[in-house]
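# Structure assessment
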Amino acid sequence: SLLQSMMLLFTLMGVLAGYSSSRYVKVFDGDEARWKLTTLVTAFFYPGMFFGVFFALNMLIWAAKSSGAVPSSTMFAVLVLWFG
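Here the residue numbers are simple positions, counted from 1 along each chain's written sequence. Local features in this predicted model are restricted to residues whose pLDDT is 70 or higher, and side-chain atom pairs enter the listing and the counts only when it is 80 or higher, whereas totals over whole chains, interfaces and linings include all residues. Note that water and hydrogens are dropped before the side-chain values are worked out from all heavy atoms of the structure.

### Overview of the packing of aromatic side chains
The condition is simple: Pairing of aromatic side chains here covers Phe, Tyr and the six-membered ring of Trp, requires ring centres within 6.5 Å, and sorts the geometry by plane angle: under 30 degrees stacked, over 60 edge-to-face, intermediate tilted. Under the scheme used here, helices are H or I runs from DSSP no shorter than 4 residues and strands are E runs no shorter than 2 residues, and both carry numbers assigned from the N terminus.
Counted according to the given criterion, the structure contains one aromatic pair. Note on phenylalanine 51 and phenylalanine 55: the rings are 6.1 Å apart at their centroids and 20 degrees apart in plane angle, and the pair reads as stacked. Taken as a pair, phenylalanine 51 and phenylalanine 55 lie in helix H2 (residues 32-63) at a separation of four residues, close to a single helical turn.

So this is what it looks like as structure tokens:
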């Protein structure tokens, strides 16, 4: 339950991180294409790496038939929240 909450909060924080990084790039550089790329990379890359590691570890836990594995419906809900 704690791991699921952490995963959900980290995914939602990707939106805030993308917004703040785009504002920093726009304030310091001002290039039109650069802030868009920075926003996309920040909003998708960092939570994506975290989700990938979390998914791989969850598959290992699931393969061991442990009760600590996160249900696939919860994983799908996190993906829906991440991609909007």
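### Considerations on the nonpolar core
What counts is decided by this rule: Residues enter a nonpolar core if they are buried and are Ala, Val, Leu, Ile, Met, Phe, Trp, Tyr or Cys, with the set joined through side-chain atoms within 4.5 Å. Each residue is assigned to one of three classes by its accessible area relative to the maximum for its type, calculated with a 1.4 Å probe on protein chains only: buried under 20%, partly exposed between the two thresholds, exposed over 50%. The contact rule is simple, with two residues in contact once any of their heavy atoms fall within 4.5 Å.
Met7, Phe51, Phe54, Val70, Met75, Val78 and Trp82 together form the largest nonpolar core, which totals seven residues. Within the residue set of this core, elements represented by two or more residues are H2 and helix H3 (72-83). At three residues, H3 tops the list of elements feeding residues into this core. Sequence-distant contacts of valine 78, that is, excluding residues within four places in its chain, are made with Met7, Thr11 and Phe51.

### A few points about the packing of helix H1 (residues 2-28) against H2
Which entries qualify depends on this criterion: Geometry is summarised by axes, namely lines fitted to C-alpha atoms with helices restricted to the contacting stretch, and by angles between N-to-C directions that run from 0 to 180 degrees. We call two directions roughly parallel when the angle between them is under 35 degrees, roughly antiparallel when it is over 145, roughly perpendicular when it lies between 65 and 115, and oblique otherwise. In this scheme the handedness of a crossing depends on how the near helix is turned from the far one: anticlockwise by less than a right angle means left-handed, clockwise means right-handed. Put simply, Ala, Val, Leu, Ile, Met, Phe, Trp, Tyr, Cys and Pro go in the nonpolar bin, Asp, Glu, Lys and Arg in the charged bin, and everything else, Gly too, in the polar bin.
Remark: H1 packs on H2, axes separated minimally by 7 Å, with the N-to-C direction vectors making an angle of 165 degrees. Put simply, H1 runs roughly antiparallel to H2. The two elements H1 and H2 meet at a crossing, and its hand is right-handed. Residues Leu3, Met6, Met7, Phe10, Gly14, Ala17, Gly18, Ser21, Ser22, Val25 and Lys26 of H1 form the contact with H2, whose own contacting residues are Arg34, Trp35, Thr38, Thr39, Thr42, Ala43, Tyr46, Pro47, Phe50, Phe51 and Phe54. In the contact of H1 with H2, the residues fall into 13 nonpolar, seven polar and two charged.

### What to know about the environment of alanine 33
Considering the arrangement of structural elements, one finds alanine 33 in helix H2. Residues alanine 33 and arginine 23, ten residues apart in the sequence, show an inter-C-alpha distance of 13 Å.

### Regarding H1
Our working rule: Helices are assigned an expected span. That span is 1.5 Å times one less than the residue count. Bend is computed residue by residue as the angle between axes fitted to the seven residues ending at the residue and the seven residues starting at it.
Under the 1.5 Å per step criterion, the end-to-end length of H1 is 38 Å for 27 residues, consistent within 8% with the ideal 39 Å. The principal kink in H1, of about 25 degrees, is found at glycine 14. Looking at H1, one finds that the buried residues are Met7, Thr11, Gly14, Gly18, Ser21, Ser22 and Val25. Contact partners of the buried residues in H1: H2 and H3.

### Structural notes on the confidence of the model for the chain
Low pLDDT marks stretches whose predicted atomic positions should not be read closely. Note the following rule: For every residue, the predictor states its confidence as a pLDDT score lying anywhere from 0 to 100.
Across the chain, the average pLDDT comes to 80, with 96% of residues at 70 or higher. In the model of the chain, H1 stands out as the element of lowest mean pLDDT, 77, in contrast to H2, which has the highest, 82.

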